[in-house]
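Close look at the chain arrangement
Spelled out from the first residue to the last, the chains are:
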Amino acid sequence: MGVRVARAAWAWGRGVSGRRGAATFPVPPPGAVDVAELLRDATATEEGPREAAVRRLPGQCSVLLFPGQGSQVVGMGRGLLRYPRVRELYAAARRVLGYDLLELSLHGPQEALDRTVHCQPAVFVASLAAVEKLHHLQPAVIENCVAAAGFSVGEFAALVFAGAMDFCEGLHAVKIRAEAMQDASEAVPSGMLSVLGQPQSRFAVACLEAQEHCKTLGIENPVCEVSNYLFPDCRVISGHLEALQFLQKNSSKYHFRRTKMLPVSGGFHTRLMEPALEPLAQVLKAIDVRKPLVSVHSNVDGNRYMHSKHIQKLLVQQVVSPVKWEQTMHAIYERKKGTEFPRTFEVGPGKQLGTILKSCNLQAWKSYSHVEVREADEDPEQNL
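Values in this document were obtained by computation on a predicted structure and should not be read as measured data.

Digging into the nonpolar core
- Formed by 101 residues in total, the largest nonpolar core has its most connected members in Leu64, Phe66, Phe124, Phe161 and Phe167.
- Ranked by residues supplied to this core, first place goes to helix α7 (residues 116-137) with eleven residues.
- Counting 17 residues, the second-largest nonpolar core is a separate cluster that includes Leu193, Val195, Ile219 and Ile237.

Next up, the structure:
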């Protein structure tokens, strides 16, 4: 990525006090911290053309993965507070959100943290605070980053890291997104079911028959569809609760090895979330979205974002589209035989993305590390 790009990518807080005239969404009150000033200054030395990063050996490069909703856990953030500027990040978040996110993240209760309206901002901020920890312990990882991807709401954190939007603007967009998705989830009893299948599993047939079952119960336009592609033979299915209960009850018929309800409040990444589209679209129109400084891959198709309009369009589409994470992992890690893999760091709560990477690409996973966000070890290097 290079020091020039690294420095720009860390400029999270420009416009935090509403200095950009183009923005029309609510901004933090006067006196809000400029997060850019809180983050470590990169060296003033300018690097040459970006092609210099391409010439680095693959094993010297790094990839950052940002987790999504469902990874939240009470205590996240505790292992980050000893690192420079993390408390200031949470202070800025408090001004944007209007409540104490750090207190909720550290002490819960879990039921409150699990609510969509809270957990999306909590995971977003914890992940970017984890980047600050990684930057403190291993700055070369940030400078040598060549790609980033985030799962669902994690995509916003990846884009902020890559300099496509500022911290407070990105957090405000996440706030609006979370509130709209919370409202949509409360309108219809729905959820998400993790399904570990087999090569012979019949996901499409299962969803269709679950929809037919819902119709017999009097549910009009029932929803039951694959919402996350995680790794081979593993999917998340979202939709009406009655459909998901039907699948659990009949899992053997469809050759499902294991099913588990996820700790989320709605059938995300399906058309049940259509009411959330307009609020998110409006807030993204008001944000100065820029082309990412490193490759950021979209959940919608697994491909890299090419320009700012592309980002604004697909971030909205993502809310009602399946997360193609397995496809994203292939796009990032597929390479010629014998080529080294980059170092991968999961920045944020949980290690779910590392587990998925292991199932998608074992060789890439061998260079995986997790940045711990809970209790800090006495030896900070053991956290990586």
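Text resumes after the structure shown.
What to know about the packing of helix α4 (residues 86-97) against helix α10 (residues 167-187)
- Orientation of α4 relative to α10, taken along the N-to-C sense of each, is 50°, at an axis distance of 10 Å. Here α10 runs oblique to α4, going by the angle between their axes. For the element pair α4 and α10, the recorded crossing hand is right-handed. Counted together, Leu89, Ala92, Ala93, Val96 and Leu97 of α4 and Phe167, Cys168, Leu171, His172 and Lys175 of α10 form the full contact between these two elements.
- Here the contact of α4 with α10 is built from residues that sort into eight nonpolar, one polar and one charged.

Some points on the sheet that holds strand β4 (residues 224-231)
- Taken together, the five strands give an open sheet; going across it, the order is β6-β3-β5-β4-β8, and neighbouring strands pair in mixed fashion. Edge strands, defined here as strands with exactly one partner in the open sheet, are β6 (258-261) and β8 (323-324).
- Here β4 pairs with strand β5 (residues 234-240) via six bridges, running antiparallel. Counterpart to Cys224 in the pairing with β5 is Gly239.

Side note on the side chain of Ser152
- With respect to the helices, strands and loops of the structure, Ser152 is situated in the loop between β2 (145-150) and α9 (154-161).
- On the basis of relative accessibility, which here comes to 8%, the residue Ser152 falls in the buried class.
- At 2.8 Å, the side chain of Ser152 and the side chain of His269 are in polar contact.

So, how was this worked out
- Residues numbered from 1 in each chain as written.
- Predicted model: local features only at pLDDT ≥ 70, side-chain atom pairs only at ≥ 80, totals over all residues.
- Heavy atoms only, no water.
- Core = buried A, V, L, I, M, F, W, Y, C linked by side-chain atoms within 4.5 Å.
- Buried < 20%, exposed > 50% of the residue type's maximum accessible area, 1.4 Å probe, protein only.
- Helix = DSSP H or I, 4+ residues; strand = E, 2+ residues; numbered from the N terminus.
- Axes fitted to C-alpha atoms, helices over the stretch in contact; angles between N-to-C directions.
- Parallel < 35°, antiparallel > 145°, perpendicular 65-115°, else oblique.
- Left-handed = near helix turned anticlockwise from the far one by under 90°.
- Contact = heavy atoms within 4.5 Å.
- Nonpolar A, V, L, I, M, F, W, Y, C, P; charged D, E, K, R; others polar.
- Pairing = 2+ DSSP bridges.
- Polar contact = N/O pair within 3.5 Å; in protein donor to acceptor, adjacent residues only side chain to side chain.

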